[in-house]
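# Coordinate analysis (summary)
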Amino acid sequence: RIREPSVAALLIGKVYRAAELGIRFVLDPASELHGEGRYLPASSLITILGNLIENAFDALRNAPETAQKEVTVSIREGEHGMLISVDDSGAGIAADKLDRIFERFYRVDPARSRETGGSGLGLAITKHCVQENGGRISVWSRTGEGSTFTIELPAAPDEDDDEARSDESTQA
């Protein structure tokens with residue numbers, strides 16, 4: 001039910017990337033995206049999903065072979081907004097590091113460098129895209145259990161609603 005072609009293409013690419021990495025990639029069957037840009041532009045959604053999914057893959061890359069490696073993505077549209085979640089079964093993020101993960105150039109694992117993957121900008125960019133569209137991002141994580149990033153975006157007012165409001169205000 002992902003009707004936005006560019007987002008569907010991104011998700012298909014991530015399915016193949018996950019398979020290469022030995023990760024099970026799950027798109028929640030109840031996911032729905034109409035593709036009308038009602039909540040945010042497709043380019044912003046691609047940036048958000050791309051960063052969060054790649055971070056989830058990174059969290060699973062060094063997991064033991066016997067570990068369950070899974071990333072689950074859910075996209076839900078409703079009357080009042082959009083809810084996106086990206087969940088991984090990785091190592092999780094220590095509680096003392098959670099406050100800093102959205103800072104530019106911050107890396108949870110200080111041993112990582114640009115050469116080994118990641119500049120420390122992905123979550124900062126993601127947070128900026130979310131906030132620029134009136135939304136909020138939150139994270140739940142527990143060491144040894146994985147992480148869940150959740151994004152809540154309000155529905156943008158319909159243009160027809162804006163026109164009706166301005167017509168009412170000019171008639172007063």
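In case you missed it, the structure is sitting above this.
Residues numbered from 1 in each chain as written. Predicted model: local features only at pLDDT ≥ 70, side-chain atom pairs only at ≥ 80, totals over all residues. Heavy atoms only, no water.

## Observations regarding the overall build of the protein
Across its full length, the protein carries 4 helices and 5 strands. Each helix (α) and strand (β) of the protein, taken in turn from the N terminus, gives the series α-β-α-β-β-α-β-β-α. Within the protein, residue pairs in contact and separated by at least 24 positions form 66% of the contacts whose partners lie at least 6 positions apart. With the model as given, the accessible surface of the protein reaches about 10,100 Å², and the carbon-plus-sulfur share is 49%. (Helix = DSSP H or I, 4+ residues; strand = E, 2+ residues; numbered from the N terminus. Contact = heavy atoms within 4.5 Å. Areas by Shrake-Rupley, 256 points an atom, 1.4 Å probe, with all protein chains shown as cover.)

## Details of the pattern of salt bridges
According to the stated counting rule, one finds 9 salt bridges in the structure shown. Here Arg61 ties to Glu54 by a salt bridge, and the two come within 4.0 Å at their closest N and O atoms. Under the relative-accessibility criterion, Arg61 is labelled partly exposed at 35%. Put simply, Asp58 and Arg61 hold a salt bridge, and the shortest N to O gap is 2.1 Å. Here Asp58 pairs with Arg61, and both are found in helix H2 (residues 42-61), just 3 residues apart, close to one helical turn. Taken together, the shared-partner salt bridges in this structure form one network comprising Lys14, Glu54, Asp58 and Arg61. (Salt bridge = Lys/Arg side-chain N within 4 Å of Asp/Glu carboxyl O. Buried < 20%, exposed > 50% of the residue type's maximum accessible area, 1.4 Å probe, protein only.)

Nothing here speaks to function; it is geometry throughout.
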